[in-house]
Amino acid sequence: MLKDKILKALNTQLNAELYSAYLYLSMSAFFESTNLRGFANWMKVQAQEEYMHTMKFYDYILEYGSKVQLMPIDGPQTEWDSSLAVFEHVYKHEQKVTGLINDLVDLARSENDHETSNFLQWFVNEQVEEEASADAALQKIKRAENSPDGLFTVDKDLGKRVFTPPAQSKE
Ligand code: FEO
């Protein structure tokens, strides 16, 4: 069984991952409404990634015979001023999530919970990738910002992203 303090923090992070999925789905719907289908695809894949993160917490809690506690999910933002503003939001959001994961690692260490600390290492590495991929897309959009052709090219590029479930060994 997990310690109460750890369980509460894991359930809170599970909720934060679901919120991330919700936020990116909202961004996907926003791009669909502006006919940027490639951008919408990128966000839909991102939402799938977040659901996968959610399920990792879900499975981990259950694996320890503890109780998953689902909480209400906050309503995400639904409108943005520009494509650039959306991706600036993504980058900022991922930096915030990195902070949450780091706080969780600190808690697990302070509670001498080595298993949870070990479990969270996957997320520590994942957050490096999450921030890098958000920043890469953000930089592409910044470069394309003042040219309609540029935005079209980025849209085509972001349309190629596909969701790849993590390899068994990474889980
Ligand atoms: Fe689940 Fe994008 O961090």
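Please read all numbers here as calculations on a predicted model, not as lab measurements.

**A short note on the overall build of the chain**
When helices and strands are counted, the chain shows 5 helices and 0 strands. For the chain, the succession of helices and strands along the chain, N to C, is α-α-α-α-α. Taken over the C-alpha trace, the chain has a radius of gyration of 17 Å; the compact-globule value for 171 residues is 16 Å, and the two agree within 12%. Dimensions of the chain along its principal axes, counting C-alpha atoms only, are 55 × 30 × 25 Å. In the chain, which comprises 171 residues, the proportion classed as buried is 47%. Pairs at least 24 apart in sequence give 83% of the contacts found in the chain among residues at least 6 apart. About 9,500 Å² of surface is accessible on the chain, with carbon and sulfur atoms providing 53% of the total. Taking the average location of the 17 positive side-chain charges in the chain and that of its 27 negative ones, the two points are 2 Å from each other.

**Quick look at the environment of Gly150**
Along the chain, Gly150 falls in helix H5 (residues 148–158). Sequence separation of Gly150 and Gln46 is 104 residues, and the distance between their C-alpha atoms is 22 Å.

**Side note on the packing of aromatic side chains**
Here the structure, examined in full by the defined rule, presents 12 aromatic pairs. When the ring of Tyr60 is compared with that of Tyr64, the centres are 4.8 Å apart and the planes differ by 45°; the resulting orientation is tilted. Overall, Tyr64 belongs to the partly exposed group, its relative accessible area being 26%. An aromatic cluster is defined as three or more aromatic residues linked by ring pairs; in this entry it consists of Phe30, Phe31, Phe39, Trp42, Trp80 and Phe87. Lying over the aromatic face of Trp122, Lys56 brings its terminal NZ or CZ to 4.2 Å of the ring centre. The cationic tip of Arg161 hangs over the ring face of Trp42; the distance from NZ or CZ to the ring centre is 4.4 Å.

**Structural notes on H5**
Among all positions in H5, only Gly150, Val154, Asp155 and Leu158 are buried. Buried residues of H5 fall within an arc of 140° about the axis and therefore sit on the same side. Opposite the packed face of H5, turned more than 90 degrees from it, sit the exposed residues Pro148, Asp149, Phe152 and Lys156. Along its buried surface, H5 packs onto helix H2 (37–63), helix H3 (83–110) and helix H4 (114–144).

**Digging into the nonpolar core**
For soluble globular proteins, the rule of thumb is that nonpolar side chains tend to be buried together. Counting residues in hydrophobic clusters, the biggest one holds 23 residues, and the most contacted among them are Met27, Phe31, Phe39, Met43, Phe87 and Val90. For this core, the secondary structure elements donating two or more residues are helix H1 (4–33), H2, H3, H4 and H5. Not counting the four nearest positions on each side in its chain, Phe87 is found in contact with Phe31, Phe39, Trp42, Met43, Ala134, Ala137, Leu138, Ile141 and Leu158. Residues Met52, Ala108, Phe119 and Phe123 belong to the second largest nonpolar core, which totals 22 residues.

**Brief notes about the layout of surface pockets**
For the second largest pocket, the calculated volume is near 270 Å³. As for the second largest pocket, its lining consists of 15 residues, and the residues nearest its centre are Thr12, Gln13, Ala16, Lys96 and Leu100. When contributions to the lining of the second largest pocket are tallied by element, the ones reaching two or more residues are H1 and H3. Partitioned by chemical class, the residues of the lining of the second largest pocket number 8 nonpolar, 5 polar and 2 charged.

Criteria and cut-off values
Counting restarts for each chain, with residues numbered from 1 along the sequence as it is written. Reporting in this predicted model follows two pLDDT cut-offs: at least 70 for local features of residues, and 80 or more for side-chain atom pairs to be given and counted; totals over whole chains, interfaces and linings ignore these cut-offs and use all residues. Hydrogen atoms and water are omitted, and side-chain values are computed over all heavy atoms in the structure. Each helix is a run of DSSP H or I of at least 4 residues and each strand a run of E of at least 2, with the numbering of both proceeding from the N terminus. Radius of gyration means the value over C-alpha atoms here, while the globule rule gives 2.2 Å times the residue count to the 0.38 power. For every residue, the accessible area (1.4 Å probe, protein chains only) is compared with the maximum for its type, and the residue is labelled buried under 20%, exposed over 50%, or partly exposed between those bounds. Residues count as neighbours in contact if any of their non-hydrogen atoms are within 4.5 Å of one another. Accessible surface is estimated by sampling points in the Shrake-Rupley manner with a 1.4 Å probe; for residues, cover comes only from the protein chains shown. Within this scheme the basic residues Lys and Arg register as positive and the acidic residues Asp and Glu register as negative, but His and the chain ends are omitted. For the purpose of locating charges, the reference atoms are NZ of Lys, CZ of Arg, CG of Asp and CD of Glu. Pairing of aromatic side chains here covers Phe, Tyr and the six-membered ring of Trp, requires ring centres within 6.5 Å, and sorts the geometry by plane angle: under 30 degrees stacked, over 60 edge-to-face, intermediate tilted. When the NZ atom of lysine or the CZ atom of arginine is within 6 Å of a ring's centre and also within 35 degrees of its normal, the charge is said to sit over that ring. Directions drawn from the helix axis to the C-beta atoms are what define this arc. Buried Ala, Val, Leu, Ile, Met, Phe, Trp, Tyr and Cys residues that are joined via side-chain atoms within 4.5 Å together make up what is termed a nonpolar core. Note on definitions: the grid is 1 Å and covers protein atoms alone; a cavity is a set of points where a 1.4 Å probe fits but cannot get out; a pocket is an open set with protein on both sides within 12 Å along at least five of seven lines; lining residues have an atom within 4 Å of a point. Grid points are joined across faces, edges and corners, and a volume is the space filled by probe spheres set on the points. Each residue gets one of three labels, nonpolar for Ala, Val, Leu, Ile, Met, Phe, Trp, Tyr, Cys and Pro, charged for Asp, Glu, Lys and Arg, and polar for the others, Gly among them.

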